[in-house]
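Observations on chain architecture
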Amino acid sequence: MRRLFLLWAACLGCELRPQLAGREVDLSELGKRLRPGFLLGAATSSHQVEGNNSNDWTDWEETSFEDGRPHIEDGSRSGLATDSYSRFEEDLQLLRRLGANAYRFSIEWSRLQPEENLWREEVANRYLQWAIELRQAGIEPMVTVHHFTLPKWVAARGGWESDGTLEHFERFASRLAGRLGSEVDLWCTVNEPNVQAVQGYLLGIWPPGKQSNRDTALVMARLIEAHARAAKAIRAADRQDADHDGKPAMVGLAHHARIFQPATGSALDASVAALTDDFFNETVVRAARTGRIQLSVPGQLDLDKEVPGLLGSFDYLGLNYYTRDHVRADLSDPSFSHQYVPEGRPRNGLGWDIYPEGLYLLLRRFAREGLPIYVTENGIADNGGEQRPTYLAEHLFALERAASEGVDVRGYFHWSLLDNFEWAEGYEPRFGLFRVDFDGPERTRTETQAVDTFRQVARNLGLSPAP
Amino acid sequence: MGALLCLLLATSPATPELLLSHEGAMGLGLSGVGYTHGGGRWGDLSLERVVSARLVFERFLRGLTADASLGQSLPPLGGGVAPSTSLSLRAGYTGERFSLVGGAVGQYSLSAQPRLQLLPTFRAQLRLGELSFVAGVFDYRGQAPAHLTFEVGDFGLGYVAPMGALVTGRIRLAEHVGLEATALAFRLANAEVAMLTISAVAGPRSGRAGGNR
């Protein structure tokens, strides 16, 4: 019977779901089939780790919703975070301990340019020094230009609701690429445009806390346009080929994609899952493919806009993958949709479905765009650290399988190097390969079990983790 | 007097035949739901089991019509859509040339949240000579959002909104028994739904040409 179904599915052109769960992953082999030069690393973002920032998010952390609930669930503030701005050397040792050959970090715009006409050269120098030290350690830096936070002066002028922000961001990207281009070749313009738009403008749980379908679509469109402008600026400013591969700049963005699984065989469930997928997963890649931003909010917005420079602005696609949502049409819900994880599914500390098959499916899917892919984020909230080794191994297994089937995937960045400030969830969820003691002023880093897994894969790739 | 009238109605050879009559059906099928993306598609397949019945009162409360359809959707491959059960209950009126029923269709899945999905459902049918027009909203246990079908004799061809088609066909096996196949497929934006069921049907006119829709 199963064969009959497989045949029927093949006739319909459906790509059937692989079964990876429960499969024993041979750690001694994991990674050996990946291409030479594959980047194996970890990722962080400035606001989540640097500490002592002053931006639109720090304002948000200090205020509350109208019903009195704090904007950050556990009532915390980013504050000192992991103090990584002052402890970069320490973090570099962690990367060496992992055997990583790549590190994705972001630049804090508000630190470099706290006011419109103030550029802090000493900050630029520090970021440049990080890139130099990484490269000296054999670690390729991938620099994210915008990872959710804005300087207060930009936010005060409308943030991503304003076209003026595009101008400011383009100038910032240009200047940054000019300063860091000698050491940085891998650029990630914008992190997760869809997530920022949905959290900040649809759900209203991130700054600026709005709830508007129209604004959600407009902001998402503007963030994609910001990518196009930044890509052009970076390519113009970064003329130095730091890694001598013939390309001074590889520019892309980090796209957050999820699996949207229809809950049942109901036509309504399938329709709602399809529409959700199209908006959340497809808008960015369609923009990359066509050079057009196409978004529709029935009755409010019908956007089909060609953006100059968007076509061809992607040298690679960054994929941030974490989980799968089951989607049930629910006419009693204003969004007509309810997303959930069924009982019995393995979950992470935030209740997200652990579904490594999803990474395989998305890699196969996005490979059709003809762009190299970097997995720019993948990780698990796991406070005890027991789930992370398996999570890491299973997702790398999924990646390796996709690669073996011809997907041009060139890197994997685990989220995250360290426990950090997890936005609206505060410090409760722990995503780090290294646990951080947030109670102590030293912010002591401690290995979790997954470090051994990571090191083994690094060795299989021919890398040399520090003892 | 009343009893006499009933007797006359019951025995009168001149009583015209209603458009529909009693019928029961039991069938099996396959369904697929999924969506397209960037040139590819993801989908889930299920085995369908369907039991349905229609009652048309021909004497007492002549024309009163009730139909019920119970479907089970069983995915054979794990990890995707969950098993579910659908029940459609409708009531209405059937005349000599038309029929109209309305009600609700509920779909229940133990592991879904929410477990119950409830929709209105309608089906209207009009016969003009040899041709029948059927319009339905959330017909076929909710799987066809809206359709308009033209039927001639034992065959029907329909449009499923917003972009799809529906085909039905029936072959007679015996005086009161037939075999009916129904296939529908449609796209809604990037969603795709397809279903094929083959049912044995039985009723007073189920084996008649053009007989009992």
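Our subject is the structure that appears above.
This section reports on the structure supplied with the text.

Quick notes on the rules
- Residues numbered from 1 in each chain as written.
- Chains lettered and ligands numbered in written order.
- Predicted model: local features only at pLDDT ≥ 70, side-chain atom pairs only at ≥ 80, totals over all residues.
- Heavy atoms only, no water.
- Helix = DSSP H or I, 4+ residues; strand = E, 2+ residues; numbered from the N terminus.
- Rg over C-alpha atoms; globule rule 2.2 N^0.38 Å.
- Buried < 20%, exposed > 50% of the residue type's maximum accessible area, 1.4 Å probe, protein only.
- Contact = heavy atoms within 4.5 Å.
- Areas by Shrake-Rupley, 256 points an atom, 1.4 Å probe, with all protein chains shown as cover.
- Lys, Arg positive; Asp, Glu negative; His and termini not counted.
- Charge placed at Lys NZ, Arg CZ, Asp CG, Glu CD.
- Salt bridge = Lys/Arg side-chain N within 4 Å of Asp/Glu carboxyl O.
- Polar contact = N/O pair within 3.5 Å; in protein donor to acceptor, adjacent residues only side chain to side chain.
- Nonpolar A, V, L, I, M, F, W, Y, C, P; charged D, E, K, R; others polar.
- Patch = residues over 30% accessible without salt bridge, like charges linked within 9 Å, V, L, I, M, F, W, Y side chains within 5 Å.
- Axes fitted to C-alpha atoms, helices over the stretch in contact; angles between N-to-C directions.
- Parallel < 35°, antiparallel > 145°, perpendicular 65-115°, else oblique.
- Left-handed = near helix turned anticlockwise from the far one by under 90°.
- Pairing = 2+ DSSP bridges.
- Core = buried A, V, L, I, M, F, W, Y, C linked by side-chain atoms within 4.5 Å.
- Phe/Tyr/Trp six-rings, centres within 6.5 Å; stacked < 30°, edge-to-face > 60°.

When you go through chain B residue by residue, the secondary structure sums to one helix and 12 strands. Along chain B, from the amino end to the carboxyl end, the secondary structure elements read α-β-β-β-β-β-β-β-β-β-β-β-β. A compact globule built from 213 residues should have a C-alpha radius of gyration of about 17 Å, and chain B, at 19 Å, falls within 12% of that. Burial status across chain B gives 46% buried among its 213 residues.

Let's shift gears to the overall build of chain A. Check the secondary structure of chain A and you find 14 helices and 13 strands. Radius of gyration (C-alpha) of chain A: 21 Å, near the 23 Å computed for a compact globule of 467 residues. Projected onto its principal axes, the C-alpha positions of chain A cover 65 × 55 × 45 Å. By residue count, 62% of the 467 residues in chain A fall in the buried class. The long-range fraction of contacts in chain A, counting pairs at least 24 apart against all pairs at least 6 apart in sequence, stands at 75%. Total accessible area on chain A is roughly 17,200 Å²; 48% of this is exposed by carbon and sulfur atoms. Positive and negative side-chain charges in chain A, numbering 51 and 68 respectively, have mean positions lying 4 Å apart.

The next subject is the side chain of A:Asp325. Residues and elements named next belong to chain A. Relative to the helices and strands, aspartate 325 resides in strand β8 (residues 317–329). The exposure class assigned to aspartate 325 is buried, which follows from its relative accessible area of 8%. Excluding its chain neighbours within four sequence positions, the residues that come into contact with aspartate 325 are Arg258, Ile259, Phe260, Gln261, Gln339 and Tyr340.

We now examine the pattern of salt bridges. Residue and element names in this part refer to chain A. Going through the model one piece at a time under the given rule, you end up with 48 salt bridges over all chains. The salt bridge partner of arginine 179 is glutamate 121, with a shortest N-O separation of 2.5 Å. Of the two residues, arginine 179 is situated in helix α8 (residues 163–180) and glutamate 121 in helix α6 (residues 121–136); the sequence distance between them amounts to 58 residues. Owing to a relative accessible area of 22%, arginine 179 belongs among the partly exposed residues under this scheme.

A few words on the interface of chain B and chain A. Chain B puts 43 residues into the contact, and the matching count from chain A is 48 residues. Between chain B and chain A we count zero salt bridges in total. Linking chain B with chain A are 17 residue pairs in polar contact (both at pLDDT 80 or more). Contributions of two or more residues to the side of chain B that touches chain A are made by β1 (23–37), β2 (40–56), β6 (116–128), β11 (177–188) and β12 (191–202) of chain B. Top element by residues in the side of chain B that touches chain A is β2(B). It accounts for eight residues. Taken together, the residues that form the side of chain B that touches chain A break down as 20 nonpolar, 20 polar and three charged.

What follows deals with a nonpolar patch on the surface. Residues and elements named next belong to chain B. Together, Ile171, Leu173, Val177, Leu179, Leu196 and Ile198 make up an exposed nonpolar region whose accessible area comes to about 480 Å². Contributing elements (two or more residues each) for the nonpolar patch: β11 and β12. Judged by relative accessible area, which is 46%, isoleucine 171 ranks as partly exposed.

Before going further, it helps to spend a moment on the packing of α8(A) against helix α10 (residues 213–237) of chain A. Residue and element names in this part refer to chain A. Closest axis-to-axis distance for the α8/α10 pair is 8 Å, and the angle between their directions is 30 degrees. Accordingly, the angle class assigned to the pair α8 and α10 is roughly parallel. Considering the relative orientation of α8 and α10, their crossing is right-handed. Between α8 and α10, the contacting residues are Asp163, Leu166, Glu167, Phe169, Glu170, Ala173, Ser174, Ala177 and Gly178 on the first element and Arg222, Glu225, Ala226, Arg229, Ala230, Ala233, Ile234 and Ala237 on the second.

This brings us to the sheet that holds strand β5 (residues 98–108) of chain B. Strands belonging to one sheet form pairs held by backbone hydrogen bonds; the direction of such a pair is parallel or antiparallel. Taken in spatial order, the 12 strands of this closed barrel run β1-β2-β3-β4-β5-β6-β7-β8-β9-β10-β11-β12 (chain B), and their pairing is antiparallel. Neighbouring strand axes in the sheet, compared pairwise and without regard to direction, differ in orientation by 15 degrees on average. Relative to strand β10 (residues 163–172) of chain B, strand β9 (residues 155–160) of chain B is paired through five bridges, and the arrangement is antiparallel. Residue pairing for β10(B): B:Phe155 is matched across the bridge by B:Gly169. Helix α11 (residues 267–290) of chain A rests against β1, β2, β6, β11 and β12 of chain B of the sheet, and its axis sits at about 0 degrees to β1(B).

All names here are of chain A. Residues Trp187 and Leu363 are the most contacted members of the largest nonpolar core, which totals 137 residues. With 11 residues, the single largest contributor to this core is α10. Ala43, Leu186, Met250 and Ala254 belong to the second-largest nonpolar core, a separate cluster that totals 18 residues.

For the rest of this paragraph, the subject is the packing of aromatic side chains. Residues and elements named next belong to chain A. In this structure the tally under the stated criterion is 28 aromatic pairs over all chains. Taken together, a centroid distance of 5.7 Å and an interplanar angle of 65 degrees make the contact between phenylalanine 105 and tryptophan 130 edge-to-face. Remark: tryptophan 130 occurs in helix α6 and phenylalanine 105 occurs in strand β2 (residues 102–106); sequence separation between them is 25 residues. Given the relative accessible area of 7%, tryptophan 130 is considered buried. Of the aromatic side chains, those joined through ring pairs into one cluster are Trp57, Phe148, Trp206, Phe421, Trp423, Tyr427 and Phe438.

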